[in-house]
Amino acid sequence: MNKAFTKESDGDDDEELALPAMPHGTKNYVTPQGYARLRAELMSLLDDERPKIVEVVSWAAKNGDRSENGDYLYGKKRLREIDRRIRFLTKRLDIAEVVDPSLHHGHDQVFFGATVTYANQKGDERTITIKGIDESDSAQGEVSWIAPIARALLKARVGEEVTLQTPGGLERIEVLDVIYPAPAAS
């Protein structure tokens, strides 16, 4: 089929990105550090990466037949990916609600930004940090505040037991420790 008759994505499907969609009616909580990282990524895309790709595409377009020009085709594809990411970041940053976890420093109750150590009924201990949807990284022990484990732990205090719904059924977990980052020195 001739490429002229194929439909390309218009880029409105921002949720196809690796990050999860925001649940309807929830706020986009984010730590100050997470907000700064997302903003830095957006600025890097706008100020550095996008202009470089536009330059390559412009140069490649001047070289004649675009249908077999790898630099042009790859550049246009990469440009669409960058633009999609820029739209996504802009939307997420616009609705972000920055919450500083250090405000709870010294407290023993679980809120957004807490690093929580808990134990299950078998005595297995695990430590997680509750972060925003756009900044959590499970490989680093960070979970989104909308994750089932975070929802179960929120508002619990050290020494309390909470119930967690797992695929294997209900599980009782005990909060062993709650830590917040220290406030920045003024």
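Cut-offs used in this document
In this numbering scheme, every chain counts its residues from 1 along its sequence in written order. Per-residue local features of the predicted model are confined to residues with pLDDT of at least 70, and side-chain atom pairs are confined, for both listing and counting, to 80 or more; whole-chain, interface and lining totals are unaffected and use all residues. Only hydrogens and water are set aside when side-chain values are computed; all heavy atoms of the structure are taken into account. Secondary structure is summarised from DSSP: a helix means a run of H or I of at least four residues, a strand means a run of E of at least two, and numbering begins at the N terminus for each. When accessible area is computed with a 1.4 Å probe and restricted to protein chains, residues below 20% of their type maximum are described as buried, those above 50% as exposed, and intermediate ones as partly exposed. A contact between two residues is defined here by any heavy atoms of the two lying within 4.5 Å. A 1.4 Å probe and the Shrake-Rupley method give the accessible areas. Residues count as covered only by the protein chains that appear here. With axes taken as lines fitted to C-alpha atoms, and helix axes fitted only over the stretch in contact, angles between N-to-C directions fall between 0 and 180 degrees. Should an angle fall under 35 degrees it is called roughly parallel, over 145 degrees roughly antiparallel, and 65 to 115 degrees roughly perpendicular, with every other angle called oblique. Crossing handedness follows the turn of the near helix against the far one: under a right angle anticlockwise gives a left-handed crossing, and clockwise gives a right-handed one. Any residue outside Ala, Val, Leu, Ile, Met, Phe, Trp, Tyr, Cys, Pro, Asp, Glu, Lys and Arg is labelled polar, Gly included; the first ten of those are nonpolar and the last four are charged. Two strands pair if DSSP finds at least two bridges between them. To form a nonpolar core, buried Ala, Val, Leu, Ile, Met, Phe, Trp, Tyr and Cys residues must be joined to one another through side-chain atoms within 4.5 Å. Expected span of a helix: the number of residues minus one, times 1.5 Å. Polar contacts here mean pairs of N or O atoms no more than 3.5 Å apart (in protein, one a potential hydrogen donor and the other a potential acceptor; neighbouring residues in sequence count only if both atoms are side-chain atoms). Basic side-chain nitrogens of Lys or Arg form a salt bridge, by our definition, when they fall within 4 Å of a carboxyl oxygen of Asp or Glu.

1. A closer look at the overall build of the chain
- Helices and strands together make up the secondary structure of the chain, namely three helices and seven strands.
- Along the chain, helices (α) and strands (β) appear in the sequence β-α-α-β-β-β-β-α-β-β when read from the amino end.
- Of all 186 residues assigned to the chain, the portion counted as buried reaches 34%.
- Considering only intrachain contacts with a sequence separation of at least 6, the fraction spanning at least 24 residues in the chain is 60%.
- Carbon and sulfur atoms provide 52% of the accessible area of the chain, an area that totals close to 11600 Å².

2. Considerations on the packing of helix α1 (residues 32-61) against helix α2 (residues 70-94)
- Running from N to C, α1 and α2 point in directions that differ by 155°, and their axes come no closer than 9 Å. Considered as vectors, α1 and α2 are oriented roughly antiparallel to each other. Here α1 runs over α2; the crossing is left-handed.
- Classifying every residue of the contact of α1 with α2 by side-chain character gives 18 nonpolar, two polar and nine charged.

3. Structural notes on the sheet that holds strand β7 (residues 169-179)
- Reading across the sheet, the five strands line up as β5-β4-β3-β7-β6 and stay open at both edges, with mixed pairing between neighbours. On the outer flanks of this sheet lie β5 (142-144) and β6 (161-166), each paired with one strand and no other. Pairwise comparison of adjacent strand axes, ignoring direction, gives a mean angle of 45° for this sheet.
- Of the strand pairs in this sheet, β6 and β7 are connected by six bridges, and their pairing is antiparallel. Along β7, the bridge assignment pairs E161 with E174.

4. Section: the pairing of strand β4 (residues 125-131)
- As defined by bridge partners, strand β3 (residues 115-119) adjoins β4 across five bridges and the pair is classed as antiparallel. Paired with Y118 across the strands is R126, a residue of β4.
- Between the antiparallel neighbours β3 and β4 lie five residues, among them G123 with a positive phi of about 95°.

5. Focus: the nonpolar core
- One finds V110, V116, I128, I130, I149 and L153 to be the most contacted residues of the largest nonpolar core, which totals 22 residues.
- Among the secondary structure elements, those contributing two or more residues to this core are β3, β4, α3 (148-153), β6 and β7.
- No other element matches α3, which puts four residues into this core.
- Not counting chain neighbours up to four residues away, the residues in contact with I128 comprise A114, T115, V116, Y118, G141, V143, I149 and L153.
- Counting 14 residues, the second-largest nonpolar core is a separate cluster that includes L42, Y72, L79 and L89.

6. Details of α2
- For α2, built from 25 residues, the straight-helix expectation of 36 Å at 1.5 Å per residue is met to within 8% by its first-to-last C-alpha distance of 36 Å.
- The complete set of buried residues in α2 reads Y72, G75, L79, I82, R84, R85, I86, F88, L89, R92 and L93.
- Residues of α2 that are buried sit in contact with β1 (28-30), α1 and β2 (96-98).

7. Things to note about the side chain of N120
- Inspection of the secondary structure assignment puts N120 in the loop between β3 and β4.
- Side-chain polar atoms of N120 contact the backbone nitrogen of K122, separated by 3.1 Å.
- In terms of polar contacts, N120 uses its side chain to reach the backbone amide nitrogen of D124, at 2.9 Å.
- Beyond its immediate chain neighbours, meaning those up to four positions away, N120 contacts E171, R172 and I173.

8. With respect to the pattern of salt bridges
- Under the criterion given, the structure shown has eleven salt bridges.
- The shortest N-O distance in the salt bridge between K77 and E81 comes to 3.7 Å. Within this pair, K77 and its partner E81 are both found in helix α2, separated by four residues, close to a single helical turn.
- Under the relative-accessibility criterion, K77 is labelled partly exposed at 45%.
- The closest approach of N and O atoms between R157 and D108, which form a salt bridge, is 2.9 Å.

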